[in-house]
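Read off the chains here:
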There are 2 protein chains.
Amino acid sequence: MASVADHAARIAQLLPRTAVERRALSEARGLALAHDVVARVTLPPFDNSSMDGFAVAAADIGALPVELVVSQDIPAGVDPQPLQPGTAARIMTGAPVPPGADSIVPVEQTSGRGTDGSVVGTTVRLHSVSSAGQFIRRRGSDVTEGDVVLPAGTVLTAAPIGLLAAIGVADVQVHRPLSVLVLSTGSELVAPGEPLRPGQIYESNGPMLAAALAETGAVATLAHFVADDVPAFLDALGTAVAGAANPIDLIVTSGGVSAGAFEVVKQALADRGVSFTRVAMQPGMPQGSGRITLDTPDDSSREIPVVTLPGNPVSSFVSFEVFLRPAIRAAQGFSAAAQHRPKAALPLAEPLTSVPGKAQFRRATRAAGTVRAHGGASSHLLAALAHSDSLIEIPADVTDLPAGAEVTVWDLSGT
Amino acid sequence: MASVADHAARIAQLLPRTAVERRALSEARGLALAHDVVARVTLPPFDNSSMDGFAVAAADIGALPVELVVSQDIPAGVDPQPLQPGTAARIMTGAPVPPGADSIVPVEQTSGRGTDGSVVGTTVRLHSVSSAGQFIRRRGSDVTEGDVVLPAGTVLTAAPIGLLAAIGVADVQVHRPLSVLVLSTGSELVAPGEPLRPGQIYESNGPMLAAALAETGAVATLAHFVADDVPAFLDALGTAVAGAANPIDLIVTSGGVSAGAFEVVKQALADRGVSFTRVAMQPGMPQGSGRITLDTPDDSSREIPVVTLPGNPVSSFVSFEVFLRPAIRAAQGFSAAAQHRPKAALPLAEPLTSVPGKAQFRRATRAAGTVRAHGGASSHLLAALAHSDSLIEIPADVTDLPAGAEVTVWDLSGT
């Protein structure tokens, strides 16, 4: 049997980095920067006031209070004149500090409150003067031109987007999202909304995997599930790949890969470039991966990576988390930190046993600084999975864990 | 000054729950269930095999190995015949256990490996027999018909979507996303990509807030920023609200709310139903909220909630996190747990000081079980914000914190 690490490396190698494309910043949310971004401006670009008030030269101020003539008005956005010695300049938050001024007196410390129109030529009484430089945001105190402000691999969430806009970046080079086809197999499957006949179950892996892919930043195309029939499966694959709105970068199947007599995925793909293997993990032992060349209805043919997940819903979910999510995020250029779920060491609230020789991934919930397995180890317990916020990772050589033992916990609560 | 809690309550009250709408499961990702979902089926719907192998009656098995006739073949999806006494039924993972069988012998424990065609009428040698019931997933062991499988407020991520599909739910009633108009103000603002003249800065709050809103599950419409000009501001608001693709549920402005002489948002909205207040927090002291009635170009007029954020980028971001994000998620029907950022108590890696009388929210990074403030307290430090994964919340009455002191840390790393 392959180890979890072996199979993870195999899946990671299967997926090359996606192409780099230029996108408007507003269209790049959730994608990763393809290159380091170097600031072409300095932030702030000029010394500016952090308060509404009056700009003065500290050396001009003797005993307090002091009354000074207001020599200019500096709203945000203007290029001020140098401060006339012995005067004050009214200044707004964010406006440039005039040359010659080195202190800002907040309006609350002056007689200037309530002045709406022009005050140039009137006087203002200052009740205190801050020490030189206070309430001034210095040019370059945030970013200096030439700085690498964000490294390649940064995922563009709100704050990095704000920073990019602030340095004047209107569009960015990002890795495009992976385009993934999802296809579930199984003669027992029925579409939600239809009646269930004996022996049938509702298809759930497709919708679940499509959502998981979207959370990973990929673009998922969900094909209608197919029965355990090799020609029907291959036909569905070819049709879906040819008809997808985006060229498919990866095919993910679920089901049809275990040791039975009707393993449609295995039978269809084993001699087309996909290797099937057993991975020393629970759930998720039967796995497959490779590249296939599909004859599509439009006669185009391309080599496409394929990952075949087991059909039990929990096995499918855990396999996705362990193998596909990090590999897809790496392919999309995400930084190493953003490829993986946040992991923490937490004590077990209750004892736990695991199987020998296999890494076990137990669904769990965190509370009060501890973690507790939720539901049993069985791979059909979808309700327990849906109420879990974590996975407990138990190494292959560990079988008994007492309450209080520290375990590695994957935080699934983010998207 | 209002407390953070007071202002948070005010913003929460401003936003009513959004309407409930029915959506296909595939269109409901990231939204919250409007009602408890009750299972209309039992999962599994029938006892089924967790292994590929042979179904037998344990009482039929004497000394091992034993050779039994294969009396039927049970692929997934069929309705099997009762097990003929003294025989074995070949069974696939997920297929119904036939009446009369109480044990599954995995194919690996039999002579049956490699049999592809029909095996009915041949014999199979069993090398071991599992204890009665092993490898059988019992009907109802996951979900029982009538169970509330997911409560109202559940946010539909991959696993809940999988569970809903599994119980046959094709569409769900969810709260629709809030539709939010974002409008930045400031005469110093320039669009990214344009050259900067003296006194000007690039507009960053709009793109940042639009991204933050999208991460919150809302639909953001970003209006082009406007200068500090009351008629232009009101005109831009009216035009944007009238022209928005989705009816606007909330207007969020940034800038123009502090104590200066050119506070466009304050001047335009103070006598139109918006209250401006100072909140005892840093950053983010100047805040405003209320409802306005806009005269739009198409002569429709509606009362629309407004939240006015301060213009400093970090103030705007922190205000959004503290007030708007939880209120928007509540309005979208998210469960209490999903409204708020995950919070934890972590020790400070370094000492920290705060201002008296104001709650302080410091941008920070977590590492090795501790948290460290990143950049200073100043509200223009956007680069430090973009590299942070946390906020440290320091209560208003705390001014000095030694290294090792436990602080409340908001985890910003999820979306």
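- The name an unreviewed UniProt entry gives chain A is Molybdopterin molybdenumtransferase, with Nakamurella aerolata as the organism.
- Check the Function (unreviewed entry) section of the UniProt entry for chain A; it says "Catalyzes the insertion of molybdate into adenylated molybdopterin with the concomitant release of AMP."

1. Some thoughts on the overall build of chain A
Turning to step 1, where the next piece is worked out: Across its full length, chain A carries eight helices and 27 strands.
Turning to step 2, where the next piece is worked out: Its C-alpha radius of gyration of 31 Å places chain A more than 25% over the 22 Å reference for a compact globule of 415 residues.
Turning to step 3, where the next piece is worked out: With respect to the three principal axes, the spread of C-alpha positions in chain A is 95 × 60 × 40 Å.
Turning to step 4, where the next piece is worked out: Scored against the burial criterion, the 415 residues of chain A give a buried share of 55%.
Turning to step 5, where the next piece is worked out: Within chain A, contacts between residues separated by at least 24 positions form 71% of all contacts whose residues are at least 6 apart in sequence.
Turning to step 6, where the next piece is worked out: Accessible surface computed for chain A: about 15800 Å², of which carbon and sulfur atoms make up 52%.

2. Quick look at the interface of chain B and chain A
Turning to step 1, where the next piece is worked out: On the chain A side, the residues contacting the 79 residues of chain B number 79 residues.
Turning to step 2, where the next piece is worked out: Surface buried jointly by chain B and chain A totals about 5900 Å² across both partners, of which 65% is contributed by carbon and sulfur atoms.
Turning to step 3, where the next piece is worked out: Taken together, chain B and chain A are joined by zero salt bridges.
Turning to step 4, where the next piece is worked out: For the pair chain B and chain A, the interface holds 16 residue pairs in polar contact (both at pLDDT 80 or more).
Turning to step 5, where the next piece is worked out: Listing elements by their share of the side of chain B that touches chain A, those giving two or more residues are strand S10 (148-150), helix H2 (158-166), strand S14 (201-202), helix H3 (205-215) and helix H8 (382-386) of chain B.
Turning to step 6, where the next piece is worked out: Sorting elements by how many residues they give to the side of chain B that touches chain A places H2(B) first, with eight residues.
Turning to step 7, where the next piece is worked out: Of the residues assigned to the side of chain B that touches chain A, the class counts are 44 nonpolar, 20 polar and 15 charged.

3. Overview of helix H3 (residues 205-215) of chain A
Residues and elements named next belong to chain A.
Turning to step 1, where the next piece is worked out: When you tally the buried positions in H3, you get ten out of eleven residues, the bulk of the element.
Turning to step 2, where the next piece is worked out: Inspection of H3 places Asn205, Gly206, Pro207, Met208, Leu209, Ala210, Ala211, Ala212, Leu213 and Glu215 among the buried residues, and these make up the whole buried set.
Turning to step 3, where the next piece is worked out: Just past H3, the residue glycine 217 takes up positive phi, approximately 95 degrees.

4. A few points about the relation of the copies chain B and chain A
Turning to step 1, where the next piece is worked out: Superposing chain B onto chain A takes a rotation of 180 degrees combined with a translation of 0.0 Å along the rotation axis, leaving an RMSD of 0.0 Å. Here the symmetry operator amounts to a two-fold rotation axis. Closest approach to the rotation axis within chain B is made by the C-alpha atom of B:Gly414, at a distance of 2.2 Å.
Turning to step 2, where the next piece is worked out: Interface residue correspondence from chain B to chain A reaches 100%, placing this contact among same-surface, isologous pairings.

5. A closer look at the packing of aromatic side chains
For any pair of aromatic rings, geometry is given as the distance between the ring centres together with the angle between the planes.
Residues and elements named next belong to chain A.
Turning to step 1, where the next piece is worked out: Applying the stated rule across the entire model yields two aromatic pairs over all chains.
Turning to step 2, where the next piece is worked out: Note on phenylalanine 361 and tryptophan 410: the rings are 5.6 Å apart at their centroids and 75 degrees apart in plane angle, and the pair reads as edge-to-face. Here phenylalanine 361, found in strand S23 (residues 359-367), pairs with tryptophan 410, found in strand S27 (residues 406-411); they are 49 residues apart in sequence, far enough to count as distant.
Turning to step 3, where the next piece is worked out: The exposure class assigned to phenylalanine 361 is buried, which follows from its relative accessible area of 1%.
Turning to step 4, where the next piece is worked out: In this structure, lysine 343 is placed above the aromatic ring of tryptophan 410, and the distance from its NZ or CZ to the ring centre is 4.1 Å.

6. What to know about the sheet that holds strand S8 (residues 123-126) of chain A
All names here are of chain A.
Turning to step 1, where the next piece is worked out: Sheet architecture is open: five strands sit in the order S7-S4-S6-S5-S8, paired in mixed fashion. Among the strands making up the open sheet, the edge pair consists of strand S7 (103-106) and S8. Pairwise comparison of adjacent strand axes, ignoring direction, gives a mean angle of 45 degrees for this sheet.
Turning to step 2, where the next piece is worked out: As judged from the three bridges shared by strand S4 (residues 53-56) and strand S6 (residues 87-91), these two strands associate in the antiparallel manner.

7. Focus: the domain arrangement of chain A
Residue and element names in this part refer to chain A.
Turning to step 1, where the next piece is worked out: The domain architecture assigned to chain A consists of domain 1 (4-17 + 177-339), domain 2 (20-43 + 142-175), domain 3 (48-137) and domain 4 (343-411).
Turning to step 2, where the next piece is worked out: Here domain 1 and domain 2 have C-alpha centroids that lie 33 Å from each other.
Turning to step 3, where the next piece is worked out: Listed as interface residues are eight residues of domain 1 and, on the opposing side, eight residues of domain 2.
Turning to step 4, where the next piece is worked out: Interface area for domain 1 against domain 2, summed over the two sides, is near 580 Å², with a carbon-plus-sulfur share of 64%.
Turning to step 5, where the next piece is worked out: The interface formed by domain 1 and domain 2 includes one residue pair in polar contact (both at pLDDT 80 or more).
Turning to step 6, where the next piece is worked out: Per-class residue counts for the side of domain 1 that touches domain 2 are four nonpolar, three polar and one charged.

8. Here's the deal with the environment of B:Val70
Residues and elements named next belong to chain B.
Turning to step 1, where the next piece is worked out: Among the structural elements, valine 70 can be located in strand S5 (residues 66-74).
Turning to step 2, where the next piece is worked out: Residues valine 70 and alanine 34, spaced 36 residues apart in sequence, show a C-alpha to C-alpha distance of 51 Å.
Turning to step 3, where the next piece is worked out: If we skip the residues at most four places from it in the chain, valine 70 touches Phe54, Ala88, Arg90, Val119, Val120, Gly121, Thr122, Thr123 and Val124.

9. Points about the sheet that holds strand S20 (residues 303-309) of chain A
Residues and elements named next belong to chain A.
Turning to step 1, where the next piece is worked out: Strand order in the open sheet formed by six strands is S15-S12-S16-S20-S19-S17, with mixed pairing between adjacent strands. On the outer flanks of this sheet lie strand S15 (219-222) and strand S17 (274-278), each paired with one strand and no other. In this sheet, adjacent strand axes meet at a mean angle of 20 degrees when their direction is disregarded.
Turning to step 2, where the next piece is worked out: The sheet contact formed by strand S12 (residues 179-184) and strand S16 (residues 250-254) spans five bridges and is parallel. The residue of S16 that forms the bridge with leucine 183 is threonine 253.
Turning to step 3, where the next piece is worked out: This element, helix H4 (residues 230-243), spans S12, S16, strand S19 (286-293) and S20 of the sheet and lies at about 155 degrees to S12.
Turning to step 4, where the next piece is worked out: Where helix H6 (residues 313-331) meets the sheet, its contacts fall on S16, S19 and S20, and the angle it forms with S20 comes to roughly 145 degrees.

10. Details of the pattern of salt bridges
Turning to step 1, where the next piece is worked out: All chains considered together, the criterion is met by 20 salt bridges over all chains.
Turning to step 2, where the next piece is worked out: Between A:Asp411 and A:Arg366 there is a salt bridge whose closest N-O contact spans 2.7 Å. With A:Asp411 in strand S27 and A:Arg366 in strand S23, the pair connects residues that are 45 residues apart, well separated along the chain.
Turning to step 3, where the next piece is worked out: Taking the relative accessible area as the measure of exposure, A:Asp411 reaches 13% and is therefore buried.
Turning to step 4, where the next piece is worked out: With a shortest N-O distance of 2.7 Å, B:Arg23 and B:Glu21 are connected by a salt bridge.
Turning to step 5, where the next piece is worked out: Since its relative accessible area comes to 24%, B:Arg23 is described here as partly exposed.
Turning to step 6, where the next piece is worked out: Among the ionic contacts, a cluster of salt bridges with common partners joins A:Arg366, A:Asp389 and A:Asp411.

Each value, and the rule that gives it
- Residues numbered from 1 in each chain as written.
- Chains lettered and ligands numbered in written order.
- Predicted model: local features only at pLDDT ≥ 70, side-chain atom pairs only at ≥ 80, totals over all residues.
- Heavy atoms only, no water.
- UniProt positions renumbered as here; feature names shortened; annotations may be inferred.
- Helix = DSSP H or I, 4+ residues; strand = E, 2+ residues; numbered from the N terminus.
- Rg over C-alpha atoms; globule rule 2.2 N^0.38 Å.
- Buried < 20%, exposed > 50% of the residue type's maximum accessible area, 1.4 Å probe, protein only.
- Contact = heavy atoms within 4.5 Å.
- Areas by Shrake-Rupley, 256 points an atom, 1.4 Å probe, with all protein chains shown as cover.
- Buried area = accessible area lost by both parts, 1.4 Å probe.
- Salt bridge = Lys/Arg side-chain N within 4 Å of Asp/Glu carboxyl O.
- Polar contact = N/O pair within 3.5 Å; in protein donor to acceptor, adjacent residues only side chain to side chain.
- Nonpolar A, V, L, I, M, F, W, Y, C, P; charged D, E, K, R; others polar.
- Least-squares fit on C-alpha atoms with pLDDT ≥ 70 in both.
- Phe/Tyr/Trp six-rings, centres within 6.5 Å; stacked < 30°, edge-to-face > 60°.
- Lys NZ or Arg CZ within 6 Å of the ring centre and 35° of its normal.
- Pairing = 2+ DSSP bridges.
- Axes fitted to C-alpha atoms, helices over the stretch in contact; angles between N-to-C directions.
- Domains from an automatic or database assignment.

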